[in-house]
Every structure is written in structure tokens, then in C-alpha cells.
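Summary of structural features
Next come the chains, spelled out residue by residue.
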Amino acid sequence: MKKSRREFLKICGVVLGGTFLINRIARGWNFWNLAGLDKEKLIKIAIIPAEDQLKMMEKLKPMFSYIEKKTGYTVKPYVVGDYTAVIEALINKKVDVALLGPFSYVSAHARDSAIVPFAVGVRADTHTTTYHSIIVVTDKWYRRGIKNLSSLKSHAKEITFAFVDPKSTSGYLIPKAALLEAGINPDKDFKKIVFSGGHDAVEFAIKHDQVDAGADADVTYNRLLNEGKISANENIVIWESKPLPGSPWVYRDDLSQDLKKKIKEAFYSMPSKYAMSYGNAVKFVPAKHKDYIEIEKAAKRLGIL
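Treat the numbers as computed from the prediction; the structure is a model and nothing was measured.

**With respect to the sheet that holds strand β7 (residues 160-163)**
- Pairing in this open sheet of five strands is mixed, and the strands run β8-β7-β9-β6-β10 from one edge to the other. In the strand order of this sheet, the two ends are held by β8 (192-195) and β10 (235-240), each with one partner. Neighbouring strand axes in the sheet, compared pairwise and without regard to direction, differ in orientation by 30 degrees on average.
- Packed onto the sheet, helix α9 (residues 169-181) meets β6 (133-138), β7, β8, β9 (213-217) and β10 and runs at close to 130 degrees relative to β7.
- Most of the contacts of helix α12 (residues 218-226) go to β9, to which it runs at about 95 degrees, and overall it touches β6, β9 and β10.

Printed below as a string of C-alpha cells:
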């Protein structure tokens with residue numbers, strides 16, 4: 001079965017925008033453009049693409065300004081095209097700090113143990129550091145009887161299914177495991193699977209009937225509901241995972257002890273108005289590798305780690 005990210009992005013071009021255009025507009029935020037800055041006083045930060053890249057950078061400006069104030073360093077953020085690019089940037093020491101998903105973190109750590117988590121957000125809505133993976137279907141398919149994974153299985157050959165990214169926890173790893181447990185092999189049983197590149201893109205594709213079903217995170221789903229961008233009557237949740245550990249902020253452990261201390265202090269002391277610049281975290285608390293052991297085990301069971 002052909003997995004075509006290019007085809008999906010073509011369909012959802014209005015939603016995602018052009019990468020080259022984004023890079024040109026956002027050049028001032030690109031960590032590759034370091035001319036005129038003291039490279040010894042930079043914190044280079046990469047962010048996984050959860051939504052439109054320009055919007056992400058705009059939302060994160062208050063948070064990064066606070067980090068600059070607390071650390072005395074200049075923040076150079078960069079929103080990359082996909083999860084793998086963030087991992088490669090960390091491994092190749094092109095960035096110092098990154099926001100990763102749980103699976104992308106354990107994937108990065110497996111390749112370079114110097115990549116470690118230091119903070120995770122506490123959600124405003126649940127007051128926990130956990131979230132859920134969900135599977136969502138269109139209202140058309142819900143009316144035709146797909147109301148759980150069992151009924152999804154019976155219609156699998158007719159379904160175009162959207163995952164987020166091969167390194168996404170809620171948008172690939174966990175829902176794929178659930179589908180396999182339900183007797184659905186996504187690579188063989190669905191009519192087609194595609195990768196959207198972003199969580200919000202999955203929801204918009206479902207809303208506009210560009211795909212029949214897809215995997216997402218409840219955090220993104222609830223945000224889009226609250227913003228009025230999707231409706232629970234059009235994007236219908238038919239499955240939810242058990243709680244998953246939240247997306248960690250990570251850094252390279254080979255940074256100086258002083259810089260690591262300043263970064264942690266900036267995150268742990270961050271007021272809610274800055275913590276909520278992106279996502280719905282009201283504060284940040286310490287994160288450790290042990291928090292992600294179950295994600296690591298799940299990836300190994302599927303043979304993708």
C-alpha cells in the first residue's frame with residue numbers, strides 16, 4: 001500500500017501552506033541565520049510541527065522572550081518540516097533544546113543517550129502531564145456504522161486513514177498498536193494510509209472529507225473544538241487510548257552545567273501566561289527518561305525502535 005505524504009500535502013495545501021514560503025517569511029527565526037549574533041550566547045531550539053509553522057512561531061514568541069530574560073541567552077527557534085528533522089538536528093548538535101513527542105524522544109535517545117528530557121507541561125484542562133491518542137472518523141462513516149475499532153475493521157478496505165508522522169506517539173505509534181490489536185493491519189487492510197505532517201491537518205482533512213478517519217491527540221482535538229475550527233458532530237471520536245506521558249522538552253546533556261541549570265530554572269519558574277504561549281500548559285515540571293519507558297517498550301514491541 002502506498003503511503004503518500006506528498007499526495008496528502010497536495011490535498012491539504014491550504015491547511016499546511018508552502019514550506020518554502022514559510023521558511024522565507026520566518027527567516028528571522030531560523031537558527032541557520034546566525035549572522036551578527038554571539039554564538040556563545042545562543043540557545044537554539046527546535047519544535048515538532050504540531051500545526052501551521054508560522055502560527056507556532058508567533059505563539060511561542062512570549063515563551064522564548066521569557067527564556068531569554070531568565071537565562072541571559074538569545075533564543076534562536078526553528079520550526080522544522082517533520083519529526084525526523086528535529087531528531088537529526090539534535091543528534092547533529094544543530095540545536096540545543098527541542099520539544100519532542102514521547103515516541104520521537106525515545107527514538108532520539110536510542111540513537112544518542114545525551115538527548116534527555118528535563119521538563120513537561122501540566123495541562124490547564126486536566127491538571128495532569130498526560131494526554132490521550134484518539135481515532136476520529138467523519139460523520140458520514142459514523143452514520144454508516146463505524147463507531148468503534150471493531151466496526152472500523154469491517155469497513156477497512158474502504159477507508160483512507162491519516163496518521164500524523166511515523167515518529168508521532170499519538171498520531172502513529174499508539175493508534176497503530178491499537179489497530180493491530182483490533183485485527184487491523186494499517187499497511188495492508190486500509191484502502192490507503194497517508195501522513196499529514198501535523199495533528200491539526202488530520203482533523204481538517206477529516207472535516208473536509210479528504211480522508212475517512214485518522215489518528216490524533218486529544219490535546220489538539222480539544223483545542224480545535226474550543227476554537228470552533230472543528231465540530232464534534234463532524235469529527236467523531238471512536239477510540240481513546242489510556243493516558244500517555246506528555247511531550248517532553250529535551251536538551252543535550254553535554255551542554256554546560258550552568259546553561260542546563262539556567263534552562264531548567266527558566267522553565268520551572270515560567271508564569272502561566274508564558275507557558276501557555278503554545279499548547280495548554282499552565283506550568284512546567286521536571287521530566288525524566290523513566291517517564292517514557294512504556295513508550296519505549298511499545299515501540300520495541302512493534303519493531304520500530
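Now that the structure has been shown, the text picks up again.
**Focus on the packing of aromatic side chains**
- What the rule picks out here adds up to twelve aromatic pairs.
- Relative to Y274, the ring of Y66 lies with its centre 5.2 Å away and its plane at 20 degrees, an arrangement referred to as stacked. Of the two residues, Y66 is situated in helix α4 (residues 53-71) and Y274 in helix α14 (residues 272-275); the sequence distance between them amounts to 208 residues.
- Among the residues examined, Y66 registers a relative accessible area of 11% and is labelled buried.
- Given a relative accessible area of 24%, Y274 falls into the partly exposed group.
- Relative to F267, the ring of W249 lies with its centre 5.0 Å away and its plane at 55 degrees, an arrangement referred to as tilted. You can see W249 sitting in strand β12 (residues 248-252) and its partner F267 sitting in helix α13 (residues 257-268), a full 18 residues away along the chain.

**What to know about the packing of helix α5 (residues 83-91) against helix α6 (residues 102-111)**
- It is the contact of α5 with α6, at a shortest axis distance of 10 Å, that shows an interaxial angle of 35 degrees. Remark: the crossing between α5 and α6 carries right-handed chirality. In this structure, α5 contributes Y83, I87, E88 and I91 to the contact, and α6 contributes S104, S107, A108 and R111.

**A closer look at the layout of surface pockets**
- The calculated volume of the largest pocket comes to roughly 780 Å³.
- Together, 41 residues line the largest pocket, and V219, S247, Y278, G279 and N280 are the ones closest to its centre.
- Secondary structure elements with two or more residues in the lining of the largest pocket: α4, β4 (115-123), β5 (130-131), α9, α12 and β13 (281-286).
- If you tally residues by element for the lining of the largest pocket, the top one is α12, at five residues.
- The residue inventory of the lining of the largest pocket, partitioned by class, reads 19 nonpolar, 16 polar and six charged.

**Description of the pattern of salt bridges**
- Applying the stated rule across the entire model yields 15 salt bridges.
- Notably, a salt bridge pairs R123 with D125, separated by 2.8 Å at the nearest N-O pair.
- Overall, the relative accessible area of 40% leaves D125 in the partly exposed class.
- Within the structure, one salt-bridge network assembled from shared partners comprises K93, D112, R252 and D254.

**With respect to the packing of α6 against helix α15 (residues 293-301)**
- For the pair α6 and α15, interaxial distance at closest approach is 9 Å and the crossing angle is 80 degrees. Put simply, α6 runs roughly perpendicular to α15. For the pair α6 and α15, contact is made by P102, F103 and V106 and by I295, E296 and A299, respectively.
- The residue inventory of the contact of α6 with α15, partitioned by class, reads five nonpolar, no polar and one charged.

**Thoughts on the environment of S154**
- Mapping S154 onto the fold places it in helix α8 (residues 149-154).
- Looking at S154, its side chain comes within polar contact range of the main-chain oxygen of S151, at 2.7 Å.

**Let's talk about the nonpolar core**
- Counting residues in each nonpolar core, the largest one holds 65 residues, and the members touching the most others are L100, L152, I159, F161, F163, L179 and F190.
- In terms of residue count, α5 provides more of this core than any other element does, six residues in total.
- If we skip the residues at most four places from it in the chain, F161 touches I135, L179, F190, K192, I193, V194, A213, G214 and A215.
- Formed by 30 residues, the second largest nonpolar core is a distinct cluster that contains I43, M63, Y73 and V75.

**Let's talk about helix α11 (residues 199-207)**
- Along α11, eight of the nine residues are buried, which leaves the element largely enclosed by surrounding structure.
- By the burial criterion, the buried members of α11 are H199, D200, A201, V202, E203, F204, A205 and I206.
- Following α11 by one or two positions, D209 adopts a phi angle in the positive range, close to 60 degrees.

**Observations regarding α15**
- Residues of α15 that are buried include every one of I295, E296, A298 and A299, and no others. One side of α15 holds all its buried residues, which, seen down the axis, span an arc of 160 degrees. Away from the buried face of α15 by more than 90 degrees, exposed residues K300 and R301 are located.
- Elements that come into contact with the buried residues of α15 comprise α6, α9 and β11 (244-245).

**Thoughts on the side chain of N280**
- Relative to the elements of secondary structure, N280 occurs in the loop between α14 and β13.
- With a relative accessible area of 19%, N280 lands in the buried category.
- If we skip the residues at most four places from it in the chain, N280 touches V122, R123, A124, D125 and V219.

Reading guide: rules and limits
- Within each chain, residue numbers correspond to sequence positions counted from 1 in written order.
- This being a predicted model, a pLDDT of at least 70 is required before a residue's local features are given, and a value of 80 or more before pairs of side-chain atoms are given or counted; all residues contribute to the totals for chains, interfaces and linings.
- As a rule here, side-chain values cover all heavy atoms of the structure and leave hydrogens and water aside.
- Note on pairing: two strands pair once DSSP finds at least 2 bridges between them.
- What counts as a helix is a DSSP run of H or I of at least four residues, what counts as a strand is a run of E of at least two, and both are numbered from the N terminus.
- Lines are fitted to the C-alpha atoms to define the axes, a helix being fitted only along its stretch in contact, and any angle between axes, read from their N-to-C directions, falls within 0 to 180 degrees.
- Residue contacts follow a heavy-atom distance rule, with two residues in contact if any of their heavy atoms lie within 4.5 Å.
- Pairing of aromatic rings covers Phe, Tyr and Trp, the last counted by its six-membered ring, and requires centre-to-centre distances within 6.5 Å; plane angles under 30 degrees mean stacked, over 60 mean edge-to-face, and any other angle means tilted.
- Only protein chains enter the accessibility calculation, which uses a 1.4 Å probe; a residue is then buried when its area is under 20% of its type maximum, exposed when over 50%, and partly exposed in between.
- Note on convention: the crossing is left-handed when the near helix lies turned anticlockwise from the far helix by less than a right angle, right-handed when the turn is clockwise.
- In this analysis a 1.4 Å probe is tested at points of a 1 Å grid over the protein atoms alone, and where it fits but cannot get out there is a cavity; an open set with protein on both sides within 12 Å along at least five of seven lines is a pocket; lining residues have an atom within 4 Å of a point.
- Grid points are joined across faces, edges and corners, and a volume is the space filled by probe spheres set on the points.
- Under the grouping applied here, Gly and all other residues not named as nonpolar or charged are polar, the nonpolar ones being Ala, Val, Leu, Ile, Met, Phe, Trp, Tyr, Cys and Pro and the charged ones Asp, Glu, Lys and Arg.
- Here, a salt bridge means any Lys or Arg side-chain nitrogen found within 4 Å of an Asp or Glu carboxyl oxygen.
- To sort the angles, those under 35 degrees are grouped as roughly parallel, those over 145 as roughly antiparallel, those from 65 to 115 as roughly perpendicular, and the leftovers as oblique.
- Throughout this description, a polar contact denotes any pair of N or O atoms lying within 3.5 Å of each other; where both atoms belong to protein, one of them has to be capable of donating a hydrogen while the other can accept it, and for residues adjacent in sequence the pair is counted only when both atoms sit in side chains.
- Nonpolar cores were defined as sets of buried Ala, Val, Leu, Ile, Met, Phe, Trp, Tyr and Cys residues, with membership established by side-chain atoms within 4.5 Å.
- The directions considered for the arc are those from the helix axis to the C-beta atoms.

The values are spatial; any link to function lies outside them.
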